[in-house]
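What follows is the residue order along each chain.
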Amino acid sequence: MTSYRDLEIYKLSKRLAIEVHKMALTLPKFELFEEDGQIRRSSKSITSMIVEGYRRRRYKADFIKYLIYSHAECDETIVHLDFLFETESLKNENLYKTLKSDYEAFSKKINNYIKWVENNLNEFPATTSL
């Protein structure tokens, strides 16, 4: 693996964030500074945390920390989806169910990846002085 772009969780989180962004554009105007902004930020933060963690992977604990942040942002996104649907700002039930199901599946994937990193990724050796 040579880039975070090779990670399945990166690809999936980015695709989902784009879907959430497009969905948010269809919400009522009064949601613009409420749930709309929150769900867009949390969905995009999932991907951002994966990228930031990957770049810090030299330090296993840092990588895991950012993956956990990403997992937390995923849960936050699910909560915002619930709020939007239950307050009837998101009226498309099929879209709601699809996005929620996709994020729940993603949550399991990132949890499994965190476990994999904990068990399989070794710390990089310290660099030597030149």
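Everything below is about the structure printed above this text.
Small disclaimer: the values here were computed from a predicted structure and weren't measured. (Residues numbered from 1 in each chain as written. Predicted model: local features only at pLDDT ≥ 70, side-chain atom pairs only at ≥ 80, totals over all residues. Heavy atoms only, no water.)

Quick word on the overall build of the chain
Helices and strands together make up the secondary structure of the chain, namely four helices and zero strands. The linear arrangement of helices and strands in the chain, starting from the amino end, is α-α-α-α. Expressed as lengths along the three principal axes of its C-alpha atoms, the size of the chain is roughly 60 × 25 × 20 Å. Across the 130 residues of the chain, 40% fall into the buried class. (Helix = DSSP H or I, 4+ residues; strand = E, 2+ residues; numbered from the N terminus. Buried < 20%, exposed > 50% of the residue type's maximum accessible area, 1.4 Å probe, protein only.)

Here's the deal with unusual backbone geometry
One non-glycine residue, Glu-88, lies in positive phi territory at about 65°. Positionally, Glu-88 belongs in the loop between α3 (60–86) and α4 (93–120). Residue Glu-88 is classed as exposed on the basis of its relative accessible area, which comes to 54%.

So, the packing of α3 against α4
Two quantities define a packed helix pair, namely the angle between the axes and the distance from one axis to the other. The contact between α3 and α4 brings their axes to 10 Å, and the two run at 165°. It follows that α3 is roughly antiparallel to α4 by the angle criterion. With respect to the hand of their crossing, α3 and α4 are arranged in left-handed fashion. Looking at the contact of α3 with α4 residue by residue, the class counts come to 16 nonpolar, five polar and seven charged. (Axes fitted to C-alpha atoms, helices over the stretch in contact; angles between N-to-C directions. Parallel < 35°, antiparallel > 145°, perpendicular 65-115°, else oblique. Left-handed = near helix turned anticlockwise from the far one by under 90°. Nonpolar A, V, L, I, M, F, W, Y, C, P; charged D, E, K, R; others polar.)

Topic: the packing of aromatic side chains
Counted under the stated rule, the structure contains seven aromatic pairs. Judged by centre distance (4.1 Å) and plane angle (5°), the rings of Phe-85 and Tyr-96 are stacked. Of this pair, Phe-85 sits in helix α3 while Tyr-96 sits in helix α4, and the two are eleven residues apart along the sequence. A connected cluster of aromatic rings, assembled from ring pairs, spans Tyr-4, Tyr-10, Tyr-54, Phe-63, Tyr-113 and Trp-116. (Phe/Tyr/Trp six-rings, centres within 6.5 Å; stacked < 30°, edge-to-face > 60°.)

Quick notes on helix α1 (residues 8–24)
Think of an α-helix as turning once every 3.6 residues; residues three or four places apart then point the same way. Helix length check: α1 (17 residues) gives 24 Å between terminal C-alpha atoms against 24 Å at 1.5 Å per residue, within 8%. Taken together, the buried positions of α1 are Ile-9, Tyr-10, Leu-12, Ser-13, Leu-16, Ala-17, Val-20, Met-23 and Ala-24. Here the buried residues of α1 occupy an arc of 165° about the axis, which is enough to place them on one side. Turned more than 90 degrees from where α1 packs its buried face, Glu-8 and Lys-22 sit exposed. On its buried side, α1 packs onto α2 (35–55), α3 and α4. (Expected span 1.5 Å × (residues − 1). Arc of directions from axis to C-beta. Contact = heavy atoms within 4.5 Å.)

A look at the environment of Lys-11
Along the polypeptide, Lys-11 turns up in helix α1. Separated by 24 residues in the primary sequence, Lys-11 and Glu-35 have C-alpha atoms spaced 24 Å apart. Among all residues touching Lys-11, those that are not within four sequence positions of it are Arg-5 and Asp-6.

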